[in-house]
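What follows is each chain in one-letter form.
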Amino acid sequence: MNAAIAYQPMVRGITFMLKWNILAAVREGIGLISNFTVRKARPEDVDSMIKLLRLLFSIEEDFCVDETKQRRGLEMLLPEDTNRCLLVAEHNQQVIGMCSAQLVISTAEGGWKALVEDVVIAENYRGCGLGRQLLTELEKWAASQGAKRLDLFADRHNAGGLLFYDKMKWQHTNLIVLQKKL
């Protein structure tokens, strides 16, 4: 895989523009991906990201699709801030993947950690390296912000996702997630 990475400095944070030249077969007859971009999400990406979240939430038992809530959450993540990052993968000017992270303080680490969420790739583009590149760039962003660790929540029944995270060297922990609605 041949990659050219260009970082453009901003007032706060980093703008990611990656061009990846790939020749990877895509299921269901779409053909080959010859190039895709991983970049910071923009307001005009929200509708496409909502479609991706609908796909993700369809396999996660703890969440329901509610376009109004998802739109509000995405719009809260969009403004440039050093404590959050929302990335998309784009092919032929179409958003085909996304992931996000937010920084919180970890007393165990004595510093920042990043909570990774909403890692999703459109079904026809899975297995082409998009998820790997999105998470790699998210890791770089988190490290540049001083994060000591990444935490990722995954649905225990998402076998494909869990296998992907295993391949990416994510470690299983003994912790569980508890939730209480307010």
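Quantities reported herein were computed from a predicted structural model and do not represent experimental measurements.

Student: I tried to follow the overall build of the protein chain on my own but got confused; where do I start?
Tutor: Looking only at helices and strands, one finds 4 helices and 7 strands in the protein chain. Seen in sequence order, the protein chain has helices and strands lined up from the N terminus as β-β-β-α-α-β-β-β-α-β-α. Looking at the protein chain as a whole, 41% of its 182 residues qualify as buried. Across the protein chain, the fraction of contacts at a sequence separation of at least 24, relative to all contacts at a separation of at least 6, is 57%.

Student: Can you help me understand helix α1 (residues 46-57) in this one?
Tutor: Structural remark: α-helix, 3.6 residues per turn; residues separated by three or four positions point the same way. In this model α1 runs 16 Å from its N-terminal to its C-terminal C-alpha over 12 residues, within 8% of the 16 Å that 1.5 Å per residue would give. Within the sequence span of α1, burial applies to V46, M49, I50, L52, L53, L55, L56 and F57. For α1, the secondary structure elements touched by its buried residues are α2 (67-77), β4 (84-91), β5 (94-106) and β6 (111-121).

Student: I would appreciate a short explanation of the packing of aromatic side chains in the present structure.
Tutor: The geometry of an aromatic ring pair is captured by the separation of the ring centres together with the interplanar angle, meaning the angle of the planes. Counting across every chain of the model gives 3 aromatic pairs. Three or more aromatic residues joined by ring pairs make a cluster, and in this case those are F164, Y165 and W170.

Student: Please clarify how the state of the cysteines should be interpreted in this entry.
Tutor: A covalent bond between the sulfur atoms of two cysteines is referred to as a disulfide. For the structure shown, the criterion picks out 0 disulfides. In this structure C85 is a free cysteine whose sulfur lies 7.1 Å from that of C99, the closest cysteine sulfur available. The class for C85 is buried, based on a relative accessible area of 0%. The exposure class assigned to C99 is buried, which follows from its relative accessible area of 0%.

So, how was this worked out
- Residues numbered from 1 in each chain as written.
- Predicted model: local features only at pLDDT ≥ 70, side-chain atom pairs only at ≥ 80, totals over all residues.
- Heavy atoms only, no water.
- Helix = DSSP H or I, 4+ residues; strand = E, 2+ residues; numbered from the N terminus.
- Buried < 20%, exposed > 50% of the residue type's maximum accessible area, 1.4 Å probe, protein only.
- Contact = heavy atoms within 4.5 Å.
- Expected span 1.5 Å × (residues − 1).
- Phe/Tyr/Trp six-rings, centres within 6.5 Å; stacked < 30°, edge-to-face > 60°.
- Disulfide = S-S within 2.5 Å.

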